[in-house]
Amino acid sequence: MENIRCQPSSLTRPDGSATFYEGDTTVVAAVYGPTEVKLSKEQIDKATVEVTFKPKQGLPGCAEKAKESMIRSTCESALLCMLHPRTAVNIVLQEMQDSGSLLSCCINAACQALMNAGVSMRFVVAAVSCVLDSEDQIVLFPELKQEQDAKAKMTFVFASNSNNVVLATSSGIISPKLFQKCLITSQEAGTKTFELYRDWLSKQN
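Structure report, in brief. Only a predicted model underlies this, so the values are computations on that prediction, with no experimental measurement involved.

### What about the sheet that holds strand β1 (residues 4–8)?
Next, step 1: Pairing is mixed across the open sheet formed by five strands, whose spatial order is β1-β2-β3-β5-β4. Edge positions in the sheet fall to β1 and β4 (48–54), since each of these pairs with one other strand and no more. Neighbour-to-neighbour, the strand axes of the sheet open up by a mean angle of 15 degrees, direction not taken into account.
Next, step 2: Bridge analysis of β1 against strand β2 (residues 16–22) gives five bridges, and the strand direction is antiparallel. Looking at the pairing, C6 lines up with F20 of β2.
Next, step 3: Across the sheet, helix α2 (residues 102–117) is in contact with β1, β2, β3 (25–35), β4 and β5 (88–97); its angle to β2 comes to roughly 150 degrees.
Next, step 4: Helix α4 (residues 176–204) contacts β1 and β2 of the sheet and is inclined by roughly 35 degrees relative to β1.

Shown next, in the form of structure tokens:
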């Protein structure tokens, strides 16, 4: 957990921003809003959450669009969208370095930027990536090589108010028993991540 760091207000122009580090993996998140929404995307009963993920190199492809969808779903669950109908909350994520655990880094960066922007939230979230290696050992916040060599790769997102799972995604082959073990181990890491959040907040105040 000592490799997890956050720099809030790392940008000046957005309403909120944060740079999040998980090991060498680095993501900069910017939040704009609640702000005006395009008429075609307007929702009369809640805010529209839009997520844009920008890879370090090249144009976004299918994998990046899938990331955007998962991050948007997570943020929609966490935000009190009904307080801001007919508006948009725009979250822009810039990949600076991918050395593994990129999805969890993106989600944590987005959460910190939303908190920095002061957007009303039901709860904050903590995302944890893990892999199951060839010997069925669980590795938290894996590096890129560990992800590539793993039997299975998972990312879990937990809610601060209940520690329940908000999002779970996995790839590879894993038994239900080992999946449950990965979930419990990640949940414990999520609890420690929330403790880091509180420490960071107390230092800002």
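### Regarding the pattern of salt bridges
Next, step 1: Under the defined criterion, the tally for this structure stands at six salt bridges.
Next, step 2: Residue K145 pairs with D149 through a salt bridge whose shortest N-O separation is 2.6 Å. With K145 and D149 both in helix α3 (residues 144–149) and four residues apart, this pair spans about one turn of that helix.
Next, step 3: Given the relative accessible area of 47%, D149 is considered partly exposed.
Next, step 4: One salt bridge connects E147 with K153, and the closest N-O pair in it is separated by 3.7 Å.

### Thoughts on the sheet that holds strand β6 (residues 125–132)
Next, step 1: In spatial order, the strands read β7-β6-β8-β9; together these four strands make up an open sheet with antiparallel pairing. If you trace the sheet from one side to the other, it starts and ends with β7 (138–140) and β9 (165–172), each paired once. Ignoring strand direction, the axes of neighbouring strands in this sheet form an average angle of 20 degrees.
Next, step 2: Of the strands in this sheet, β6, β8 (152–159) and β9 are in contact with helix α1 (residues 62–78), which crosses β9 at around 160 degrees.
Next, step 3: Across the sheet, α2 touches β6, β8 and β9, and the angle it forms with β6 is around 175 degrees.

### Let's talk about α4
Along an α-helix, a turn takes 3.6 residues, which lines up residues three or four apart on a common side.
Next, step 1: Taking 1.5 Å per residue as the helical rise, α4 with its 29 residues ought to reach 42 Å, and the 41 Å between its terminal C-alpha atoms agrees with that figure.
Next, step 2: Among the residues making up α4, those that are buried are L178, C182, L183, S186, A189, G190, T193, F194, L196, Y197 and W200.

### Structural notes on the environment of K153
Next, step 1: With respect to the element layout, K153 can be found in strand β8.
Next, step 2: Linking K153 and L132, residues 21 residues apart in sequence, is a C-alpha distance of 6.5 Å.
Next, step 3: Apart from the residues within four sequence positions on either side, K153 is in contact with C130, V131, E147, T169, S170 and S171.

### Structural notes on the nonpolar core
Next, step 1: Core analysis: the biggest nonpolar cluster contains 55 residues, and I71, L79, I91, L93 and L114 have the highest contact counts within it.
Next, step 2: Here this core takes ten residues from α2, the largest share from any one element.
Next, step 3: Ignoring anything within four residues of it in the chain, the contact list for I91 reads A30, V31, V49, E50, V51, T52, C75, A110 and L114.

### What about the environment of D24?
Next, step 1: Topologically, D24 is positioned in the loop between β2 and β3.
Next, step 2: Overall, D24 belongs to the exposed group, its relative accessible area being 60%.
Next, step 3: Leaving out residues up to four positions away in the same chain, D24 has contacts with Q97 and S99.

### Side note on the side chain of N108
Next, step 1: When you line up the elements, N108 lands in helix α2.
Next, step 2: Its relative accessible area of 1% is what places N108 among the buried residues.
Next, step 3: Here A127 takes part through its backbone nitrogen, which lies 2.8 Å from a polar atom of the side chain of N108.
Next, step 4: Those residues in contact with N108 that sit more than four places away from it in its chain are F20, E22, V125, A126, A127 and Y197.

### Quick notes on the packing of aromatic side chains
Next, step 1: Within the structure shown, the criterion is met by five aromatic pairs.
Next, step 2: Residues F156 and F158 carry aromatic rings whose centres are separated by 6.3 Å and whose planes lie at 25 degrees to one another, so their mutual orientation is stacked.
Next, step 3: Among the residues examined, F156 registers a relative accessible area of 1% and is labelled buried.
Next, step 4: Judged by centre distance (5.8 Å) and plane angle (35 degrees), the ring pair of Y197 and W200 falls under tilted. Placement of both Y197 and W200 in helix α4 is noted, with a separation of three residues, approximately one turn of the helix.
Next, step 5: On the basis of relative accessible area, Y197 is assigned to the buried category, the value being 3%.
Next, step 6: Each residue in the set F20, F194, Y197 and W200 is aromatic and connected to the rest through ring pairs, giving one cluster.
Next, step 7: Lying across the ring of Y21, R5 places its NZ or CZ 4.2 Å from the centre.

Definitions and cut-offs
Residues numbered from 1 in each chain as written. Predicted model: local features only at pLDDT ≥ 70, side-chain atom pairs only at ≥ 80, totals over all residues. Heavy atoms only, no water. Pairing = 2+ DSSP bridges. Helix = DSSP H or I, 4+ residues; strand = E, 2+ residues; numbered from the N terminus. Axes fitted to C-alpha atoms, helices over the stretch in contact; angles between N-to-C directions. Contact = heavy atoms within 4.5 Å. Salt bridge = Lys/Arg side-chain N within 4 Å of Asp/Glu carboxyl O. Buried < 20%, exposed > 50% of the residue type's maximum accessible area, 1.4 Å probe, protein only. Expected span 1.5 Å × (residues − 1). Core = buried A, V, L, I, M, F, W, Y, C linked by side-chain atoms within 4.5 Å. Polar contact = N/O pair within 3.5 Å; in protein donor to acceptor, adjacent residues only side chain to side chain. Phe/Tyr/Trp six-rings, centres within 6.5 Å; stacked < 30°, edge-to-face > 60°. Lys NZ or Arg CZ within 6 Å of the ring centre and 35° of its normal.

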